[in-house]
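Now for the letters of each chain:
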Amino acid sequence: MKRLVQLLPLGALILLPVNVVQAETPEDPVYLKTSNGWTGAYAHGNEYAEFRVIGNGAKLQDPYHILLQKNIGMMVSFVDKKELQNDGDLLSAHAQWEINYWHQHASRVESNIREDLIGTRKDVKVTEIRVYNDAAAQMSSYLIGLVAKDGVFAVSVSPAKKDVDPLVRELVSSFKLVPRNLDAEEARRLSSEPKAQR
C-alpha cells in the first residue's frame, strides 16, 4: 500500500497533459512520455518553452525537478522580467540575478558563460555557476536561460562537470520557445509528434 501511494503522484504526472490540459493553460510544467525520454512543456501566458529530456533513465520527481541520471538533477522555472528589473538583455539580467542570489548565500561564487554549449543561438544563454561555502565545499550547476516575452524560462542542471556537457548541449538544442497557448489542441499536437530523437 505504501508503495502504491508513492507511485500515485508519478502516475498523475504522466497523465497530466491528457487530463488537465483541456480548457486552460496549466500552471506547472507538463511532460509527455516518448520512446526515448520525455517532452516537457512549461507555459507562461500565450507562449511556452518546449524541451526534450533524452534517455529512458530520466525520472520525474515532481513537475519542476527531474533526475536525469544518477547524481545529475534538473530543475525547471520561469522568472518574470519584473523580477529582473532590466528590459534590455533579459538573459544577462537573469544570469546576474541568479549570481546575486548566490552571493547572498555563499562564501564565494564563480561564473562562466558557456558559449560552447549554445552554438550560434541568441535566444539562449548557458552560465556555469560554482558556489562555495566557508569550508570550501562546492556546488556547481549550469543555468540555461531561454528568453521569452515576459521573462526567462530557466533550466538548471547540476552538477556542472565536463562529462555532463554533452547532455546540456543536447538539452539546449531542444529548448525552444513556442509562441502558442499550451491548450488541449496544442497538447494533442505535442503528443502526436514523432517519438524519435531529433
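Preceding block: the structure.
Residues numbered from 1 in each chain as written. Predicted model: local features only at pLDDT ≥ 70, side-chain atom pairs only at ≥ 80, totals over all residues. Heavy atoms only, no water.

Caption draft 1: Spatial organisation of the overall build of the protein. Scanning the protein from terminus to terminus reveals five helices and 11 strands. Here the protein, with 198 residues, has 44% of them falling under the buried criterion. Pairs at least 24 residues apart make up 53% of the contacts formed inside the protein by residues separated by at least 6 positions. A total accessible area of about 11000 Å² is found for the protein, and carbon and sulfur atoms account for 53% of it. (Helix = DSSP H or I, 4+ residues; strand = E, 2+ residues; numbered from the N terminus. Buried < 20%, exposed > 50% of the residue type's maximum accessible area, 1.4 Å probe, protein only. Contact = heavy atoms within 4.5 Å. Areas by Shrake-Rupley, 256 points an atom, 1.4 Å probe, with all protein chains shown as cover.)

Caption draft 2: Quick look at helix α3 (residues 90-105). In this model, α3 (16 residues) spans 23 Å end to end at C-alpha, consistent with the 22 Å of a helix rising 1.5 Å per residue. Turning to α3, its buried residues are Leu-90, Leu-91, Ala-93, His-94, Ala-95, Glu-98 and Ile-99. Elements in contact with the buried residues of α3: β6 (72-80), α2 (81-84), β7 (108-113), β8 (124-132), β9 (138-147) and β10 (151-158). (Expected span 1.5 Å × (residues − 1).)

Caption draft 3: Structural view of the sheet that holds β6. Ordered by their spatial adjacency, seven strands build an open sheet running β4-β5-β6-β10-β9-β8-β7, and the pairing between neighbours is antiparallel. A single partner strand is all that each edge strand has here, and the edge strands are β4 (59-62) and β7. Averaged over all neighbouring strand pairs, the angle between strand axes comes to 25°, with direction disregarded. (Pairing = 2+ DSSP bridges. Axes fitted to C-alpha atoms, helices over the stretch in contact; angles between N-to-C directions.)

Caption draft 4: The arrangement of the sheet that holds strand β1 (residues 30-34) in detail. Taken in spatial order, the four strands line up as β1-β2-β3-β11 in an open sheet, and their pairing is antiparallel. Two strands lie at the open edges of the sheet, namely β1 and β11 (176-178), each paired on one side alone. For this sheet the average axis-to-axis angle between neighbouring strands, irrespective of direction, equals 25°. Where β1 meets strand β2 (residues 37-44), five bridges bridge the pair, whose relative direction is antiparallel. Bridge assignment links Leu-32 to a residue of β2, and that residue is Thr-39. Seen against the sheet, helix α4 (residues 165-174) touches β3 (47-54) and β11 and runs at an angle of roughly 145° to β3. Relative to β3, helix α5 (residues 184-192) is tilted by about 25°, and along the sheet it contacts β1, β2, β3 and β11.

Caption draft 5: Structural detail: the packing of aromatic side chains. Per the stated rule, a full pass over the model turns up six aromatic pairs. Each ring, one from Phe-51 and one from Phe-175, has its centre 6.2 Å from the other, and the planes form 80°; the classification is edge-to-face. Of this pair, Phe-51 sits in strand β3 while Phe-175 sits in the loop between α4 and β11, and the two are 124 residues apart along the sequence. You can call Phe-51 buried: its relative accessible area is 0%. Ring plane angle 65° and centroid distance 4.8 Å describe the contact between Phe-78 and Phe-153, whose orientation is recorded as edge-to-face. Linking Phe-78 in strand β6 with Phe-153 in strand β10, this pair joins segments that are 75 residues apart in sequence. For Phe-78, a relative accessible area of 18% corresponds to the buried category. (Phe/Tyr/Trp six-rings, centres within 6.5 Å; stacked < 30°, edge-to-face > 60°.)

Caption draft 6: Unusual backbone geometry, seen in detail. For the bond running from Ser-158 to Pro-159, omega is 5°, close enough to zero to count as cis. Within the secondary structure, Pro-159 is located in the loop between β10 and α4. Positioned with a positive phi, Ala-136 is a non-glycine residue whose angle comes to about 70°. Checked against the element boundaries, Ala-136 lands in the loop between β8 and β9. Exposure remark for Ala-136: the relative accessible area of 56% places this residue in the exposed category.

Caption draft 7: Structural context of the environment of Val-109. Mapped onto the fold, Val-109 is located in strand β7. If we ignore the near neighbours within four places in the chain, the residues touching Val-109 are Ile-99, Trp-102, His-103, Ile-129 and Arg-130.

Caption draft 8: Examining the pattern of salt bridges more closely. Following the criterion strictly, the structure yields 11 salt bridges and no others. With a shortest N-O distance of 2.9 Å, Glu-50 and Arg-52 are connected by a salt bridge. Between Glu-186 and Arg-180 there is a salt bridge whose closest N-O contact spans 3.0 Å. Given a relative accessible area of 36%, Arg-180 falls into the partly exposed group. (Salt bridge = Lys/Arg side-chain N within 4 Å of Asp/Glu carboxyl O.)

From the geometry alone we can't say anything about function, so treat these as descriptive.
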